[in-house]
Amino acid sequence: MNSLDILSQKLLQTRKYRALHLPPETIRDLIEQESQHYSDPKAVEESVRKKLHQLTALYLGDPDYEAALQEVRQLTTRAELEIFARRMLACHTSTRERLPNLTDFYTKLFAITGKPQCILDLACGLNPFALPMLELPPDIDYQAYDIHLPRVDLLNAFFKQCGFSAAHAEQRDILVDPPTQSAEVAFFFKEAHRMEQRQKGSNHRLWETLCVEYLLVSLPGSDIGKTHDMHERMRNLVKQTVQGHTWQIKEVECGDELVFCIHKGAQV
Ligand SMILES: C[S@@+](CC[C@H](N)C(=O)[O-])C[C@H]1O[C@@H](n2cnc3c(N)ncnc32)[C@H](O)[C@@H]1O
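Just so we're clear, the structure is a prediction, and the values are computed from it rather than from any experiment. Each chain has its residues counted from 1, following the order in which its sequence is written. Residues qualify for local features only when their pLDDT is at least 70, as the model is predicted, and side-chain atom pairs are given and counted only at 80 or more; totals for whole chains, interfaces and linings, by contrast, use all residues. Values reported for side chains reflect all heavy atoms of the structure, with hydrogen atoms and water molecules removed beforehand.

1. Considering the domain arrangement of the protein chain
Piece 1. The domain limits used here are those given by an automatic or database domain assignment. Domains assigned within the protein chain are domain 1 (3–56) and domain 2 (60–263).
Piece 2. Each of domain 1 and domain 2 has a C-alpha centre, and the two are 25 Å apart.
Piece 3. With both sides pooled, the region where domain 1 packs onto domain 2 buries about 1200 Å², and carbon together with sulfur makes up 54% of that total.
Piece 4. Accessible area, probed at 1.4 Å, shrinks when two parts are joined; the buried area is that loss added up over both. In terms of surface lost to domain 2, no three residues of domain 1 exceed Leu20, Gln54 and Leu55, which account for 36% of the buried area on that side.
Piece 5. Salt bridge, as used here, is a side-chain nitrogen of Lys or Arg placed within 4 Å of a carboxyl oxygen of Asp or Glu. Run the count over domain 1 and domain 2 and you get one salt bridge.
Piece 6. For the salt bridge of arginine 198 with aspartate 29, the shortest nitrogen-to-oxygen distance reads 2.9 Å.
Piece 7. What qualifies as a polar contact is a pair of N or O atoms within 3.5 Å, subject to a donor-acceptor requirement within protein and to the restriction that residues adjacent in sequence count only when both atoms come from side chains. Here domain 1 is connected to domain 2 by seven residue pairs in polar contact (both at pLDDT 80 or more).

2. Describing the pairing of strand 1 (residues 118–122)
Piece 1. Buried, partly exposed and exposed residues are distinguished by accessible area as a fraction of the type maximum, computed with a 1.4 Å probe on protein chains only: under 20%, between the cut-offs, and over 50%, respectively. Labels follow the DSSP assignment, with helices taken as runs of H or I lasting at least four residues and strands as runs of E lasting at least two, numbered in each case from the N terminus. For strand 1, the tally of buried residues reaches five of five residues, placing the bulk of the element in the interior.
Piece 2. Side chains of strand 1 alternate between two faces, with Cys118, Leu120 and Leu122 and Ile119 and Asp121 buried alike.
Piece 3. Strand pairing is defined by DSSP finding a minimum of two bridges between the two strands. Looking at chain direction, strand 1 and strand 2 (residues 141–146) are connected through five bridges and run parallel. Within the sheet, the bridge partner assigned to aspartate 121 lies in strand 2 and is alanine 144.
Piece 4. Inspection of the sheet shows strand 1 paired to strand 4 (residues 183–189) by three bridges, in the parallel sense. From the neighbouring strand, aspartate 121 faces strand 4, where its bridge partner is phenylalanine 187.

3. Observations regarding the side chain of threonine 95
Piece 1. Tracing the sequence through the fold places threonine 95 in helix 7 (residues 93–98).
Piece 2. The buried category is assigned to threonine 95, whose relative accessible area is 4%.
Piece 3. Reaching out from threonine 95, the side chain makes a polar contact with the backbone oxygen of histidine 92 at a distance of 3.2 Å.
Piece 4. The contact criterion used is simple: two residues touch if any of their non-hydrogen atoms lie within 4.5 Å. When residues no more than four places from it in sequence are discounted, the contact partners of threonine 95 are Leu89, Leu126 and Asn127.

4. Topic: empty space enclosed by the protein
Piece 1. Any residue with an atom within 4 Å of a point lines the site, the site being either a cavity, points on a 1 Å grid over the protein atoms alone where a 1.4 Å probe fits but cannot get out, or a pocket, an open set with protein on both sides within 12 Å along at least 5 of 7 lines. Grid points are joined across faces, edges and corners, and a volume is the space filled by probe spheres set on the points. Inspection of the entire model under this criterion finds two cavities of 30 Å³ or more.
Piece 2. Space inside the largest cavity adds up to approximately 420 Å³.
Piece 3. Forming the boundary of the largest cavity are 31 residues, of which Leu55, Ala123, Gly125, Asp146 and Glu191 lie nearest the centre.
Piece 4. When contributions to the lining of the largest cavity are tallied by element, the ones reaching two or more residues are helix 4 (41–56), helix 7, strand 1, strand 2 and helix 10 (192–198).
Piece 5. Classifying every residue of the lining of the largest cavity gives 14 nonpolar, seven polar and ten charged.
Piece 6. Both domain 1 (3–56) and domain 2 (60–263) contribute no fewer than three residues apiece to the lining of the largest cavity.
Piece 7. For the second largest cavity, the full set of lining residues is Glu97, Arg98, Asn101, Phe105, Lys190, Cys254, Gly255, Asp256 and Glu257.
Piece 8. Taken together, the residues of the lining of the second largest cavity break down into two nonpolar, two polar and five charged. Ten residues, namely Ala, Val, Leu, Ile, Met, Phe, Trp, Tyr, Cys and Pro, are considered nonpolar, four, namely Asp, Glu, Lys and Arg, are considered charged, and the remaining ones, Gly among them, are considered polar.

5. Remarks on helix 12 (residues 231–241)
Piece 1. The set of residues buried in helix 12 consists of His231, Met234, Leu237, Val238 and Thr241. One side of helix 12 holds all its buried residues, which, seen down the axis, span an arc of 130 degrees. Residues of helix 12 that are exposed and angled more than 90 degrees away from the buried face: Arg233, Lys239 and Gln240.
Piece 2. On its buried face, helix 12 is in contact with helix 10, helix 11 (202–209), strand 5 (212–220), strand 6 (248–254) and strand 7 (257–263). Read the arc as the range of directions from the helix axis to the C-beta atoms.

6. A look at the layout of surface pockets
Piece 1. Considering only enclosed or pocket space, the largest pocket measures out at about 490 Å³ in volume.
Piece 2. Looking at the lining of the largest pocket, the elements that each hand over two or more residues are helix 7, helix 10, helix 11 and helix 12.
Piece 3. Top element by residues in the lining of the largest pocket is helix 12. It accounts for six residues.
Piece 4. In this structure, the second largest pocket encloses a volume near 250 Å³.
Piece 5. Forming the boundary of the second largest pocket are 13 residues, of which Ala19, Tyr65, Glu66, Leu149 and Pro150 lie nearest the centre.
Piece 6. Counting only elements with at least two residues in the lining of the second largest pocket, the list comes to helix 5 (65–72) and helix 9 (149–162).
Piece 7. For the lining of the second largest pocket, the element with the most residues is helix 9, which contributes four residues.

Structure follows, in structure tokens:
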């Protein structure tokens, strides 16, 4: 084993990350990136640990995945599944903040994009639990991606129990291995600012690569403590990321979330 493999194994086995079963390619990518900035192995490890802390963002909240997996398999009625879904959405800061405005949020977005037949949900977190509330057909093509395996497994059990026959969650690092499937709409909610911290310029490459007609990038209007306004910082991030493209952008605000609806053009 070389030093990269040793550090990678060490980080994957730490108590904090063991249960997440993170993709080894994510850790390798972080180590390779940070090795370009530091020559001292200790500094590399410290920097990788900081990046991992930030990209897994465990402080934003989680359900008990094992208990939730047992529970979802027992649910049968639409009402039971919706109550469960709302409880899951409330477990994580990003989805909890969206919950009071959920209908308004998607009504505003679909007024711009039209009701899509195919959706990608990038760095999805617990957001796909909103699917039963989106008034889309049960055969909606919905492809969700996250690096967190217990989340992915729970989402797949939920889709199955709800009867969403073409909905699927996949464990994938969207920066290392961007989805190639074409779709009318991609959701990319509350993560682009973190990706930029992981690797400067990473959004530019990702947004270019995606084969979607509309890319809906949401960003927080204020910091996590709700003390600093972030509107201008987030607008600048989007402005810099789309540089060199003539994509049309419409901005929608809902609660404390700013959504940049980027029209990349017909790709489907
Ligand atoms: C702040 S949460 C946002 C979740 C969701 N998009 C929302 O707004 O409700 C970020 C999520 O992105 C996932 N994530 C972070 N980096 C990722 C990557 N490179 N590829 C796939 N998922 C990633 C994390 O595991 C986490 O579930």
